[in-house]
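Chain by chain, the residues:
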Amino acid sequence: MLWILLAVAALIVLITLLIFRVKDLSEYDGQEWAIRQVAPNPAHDEVIERIKDMGRASRGLKGKARLLALRNHLDSLGESVDIESQLQHQDNPKGEWVMAPGVDPRRRVLYIHGGAWAAGSPRSHRAITDRFSRLANAAVFAVDYRLMPEHRFMDGIRDCRQAYAWLLNHGPDGETAADFVVVAGDSAGGSHTLSLIAWVRDNGLRQADAAIALSPSTDLTLTAPSNRENIRTDPLLGPVFGGLSKIPLPLLWWGTLAAFRISPTNPVASPLRGELNNLPPTLIHASTTEMLLDNSTRYATKAKAQGSPVELHTWQNMVHVWHIFTPLLPEANDAFEDISAFLKRVEHS
């Protein structure tokens with residue numbers, strides 16, 4: 001009986017290795033990137049309390065009820081933000097235009113929100129899209145892509161691709177060609193952003209003038225060191241996803257395949273594992289203490305090695321996607337000024 005069990009286990013391991021073919025990417029570890037030092041600030045404590053409120057909103061709930069509570073809480077946070085921009089609903093593709101006073105509608109930003117592909121919306125991220133419109137002097141289209149688990153992961157991917165292709169020739173005032181195009185996103189939306197620019201390259205569409213990924217997920221295999229080492233220092237992702245560190249990676253890969261219906265090694269879901277040559281100028285922001293830090297450093301190092309112009313700017317001890325806590329966090333304002341400077345460099349290069 002024992003030898004039968006051992007044979008079955010060996011067969012499962014062999015099948016796992018053959019199906020997933022997870023390449024070791026540790027060669028992209030170790031490069032040093034500049035770190036923005038952060039001084040203690042009472043606003044940091046308030047941010048932590050807001051994150052705890054997010055957890056309290058779904059406490060005691062399970063399954064769909066828990067997910068809906070989280071979605072509603074995120075949307076309420078975004079809807080309570082004071083913004084300068086005008087909002088304009090869009091049906092096909094689904095989303096909303098965010099336009100600061102006096103912006104040039106031929107300058108466009110496609111913004112792809114985060115939320116672990118299961119939460120978030122254009123409403124939840126208005127603090128970010130409002131700032132993007134102002135700093136880029138552009139009309140921002142926040143795409144309302146389909147979320148899991150009601151829809152497949154690839155449905156959300158297709159929505160982002162459709163929105164990008166549409167945005168090239170459609171603005172808030174109708175059918176007009178874009179003069180300047182930026183793709184941006186955070187966390188899960190940062191993954192969609194990096195996946196999208198590779199898809200644009202491979203399919204002959206006009207490439208974005210620039211791409212911006214805030215604390216992006218770039219590799220669903222969860223093999224980067226910070227995915228485990230930074231669990232305790234990440235107050236947002238640690239409590240939610242830290243438990244995954246106790247599960248053997250091969251089981252996680254099978255779980256991802258079952259949930260996403262796509263292999264975690266597929267570059268569509270893990271852009272780090274694709275070809276990163278011939279991509280537009282890309283800016284990545286990350287925190288030194290978040291679980292996804294090495295997802296950013298590995299992507300930036302690989303893209304740079306393959307000849308794509310990429311910049312990675314890291315901040316010390318910030319929460320995951322701290323940008324959404326503007327104007328409360330001084331570092332969020334600093335991050336948006338950094339984005340503005342990056343876009344100016346792109347335009348004048």
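All values reported here derive from a predicted model rather than from experimental measurement.

Conventions we followed
Residues numbered from 1 in each chain as written. Predicted model: local features only at pLDDT ≥ 70, side-chain atom pairs only at ≥ 80, totals over all residues. Heavy atoms only, no water. Helix = DSSP H or I, 4+ residues; strand = E, 2+ residues; numbered from the N terminus. Buried < 20%, exposed > 50% of the residue type's maximum accessible area, 1.4 Å probe, protein only. Contact = heavy atoms within 4.5 Å. Lys, Arg positive; Asp, Glu negative; His and termini not counted. Charge placed at Lys NZ, Arg CZ, Asp CG, Glu CD. Patch = residues over 30% accessible without salt bridge, like charges linked within 9 Å, V, L, I, M, F, W, Y side chains within 5 Å. Areas by Shrake-Rupley, 256 points an atom, 1.4 Å probe, with all protein chains shown as cover. Salt bridge = Lys/Arg side-chain N within 4 Å of Asp/Glu carboxyl O. Pairing = 2+ DSSP bridges. Axes fitted to C-alpha atoms, helices over the stretch in contact; angles between N-to-C directions. Expected span 1.5 Å × (residues − 1). Polar contact = N/O pair within 3.5 Å; in protein donor to acceptor, adjacent residues only side chain to side chain. Core = buried A, V, L, I, M, F, W, Y, C linked by side-chain atoms within 4.5 Å.

**Concerning the overall build of the protein chain**
Check the secondary structure of the protein chain and you find eleven helices and nine strands. Out of the 349 residues in the protein chain, the part that is buried amounts to 54%. Counted over contacts in the protein chain with a minimum sequence separation of 6, partners at least 24 positions apart contribute 78%. Within the protein chain, the 38 negative side-chain charges are centred at a point lying 7 Å from the centre of the 35 positive side-chain charges.

**Looking at a nonpolar patch on the surface**
There is a patch of nonpolar side chains on the surface, built from V240, F241, L244, I247 and L251 and spanning about 410 Å² of accessible area. Checked against the element boundaries, V240 lands in helix α8 (residues 237-241). For V240, a relative accessible area of 58% corresponds to the exposed category.

**Things to note about the sheet that holds strand β9 (residues 310-315)**
If you trace the nine strands from one edge of the open sheet to the other, you get β1-β9-β8-β7-β6-β4-β5-β3-β2, paired in mixed fashion. The two strands at the open ends of the sheet, each matched to only one other strand, are β1 (35-36) and β2 (86-90). Helix α5 (residues 153-167) contacts β2, β3 (95-99), β4 (104-112), β5 (138-143) and β6 (180-186) of the sheet and is inclined by roughly 170° relative to β4.

**A word on α5**
Its 15 residues place the ends of α5 22 Å apart at the C-alpha level, agreeing with the 21 Å of an ideal helix rising 1.5 Å per residue. Within α5 the residues assigned to the buried category are F153, M154, D155, G156, I157, D159, C160, R161, A163, Y164, W166 and L167.

**Topic: the side chain of T221**
Of note, T221 is situated in the loop between β7 (210-214) and α7 (226-229). Looking at T221, the relative accessible area reads 0%, which means it is buried. Here D219 takes part through its side chain, which lies 2.9 Å from a polar atom of the side chain of T221. For T221, the contacting residues outside a window of four places in its chain are V22, L249, W253, P264, T265, S270 and R273.

**Topic: unusual backbone geometry**
For residues besides glycine, phi is generally negative; the peptide bonds are generally trans as well. Residue N92 is joined to P93 through a cis peptide bond whose omega torsion reads 5°. Mapping P93 onto the fold places it in the loop between β2 and β3. The omega torsion across M148 and P149 is 5°, close enough to zero to call that bond cis. As for its placement among the helices and strands, P149 is situated in the loop between β5 and α5. One non-glycine residue, S215, lies in positive phi territory at about 45°. Along the chain, S215 turns up in the loop between β7 and α7.

**Quick look at the pairing of β2**
Note that β2 and β3 share five bridges and pair antiparallel. Bridge pairing in β3 links Q88 to W97. In sequence, β2 turns back onto β3 through a hairpin of four residues.

**Digging into the nonpolar core**
By size, the foremost hydrophobic cluster in this structure holds 23 residues, and its most contacted members are L110, I112, F141, V143 and Y164. Contributing elements (two or more residues each) for this core: β3, β4, β5, α5, β6 and α6 (188-202). The element best represented in this core is α5, accounting for five residues. Aside from chain neighbours lying at most four places away, what touches V143 is K94, G95, L110, Y111, I112, H113, P122, D159, C160 and A163. Formed by 22 residues, the second largest nonpolar core is a distinct cluster that contains I128, A136, I212 and V321.

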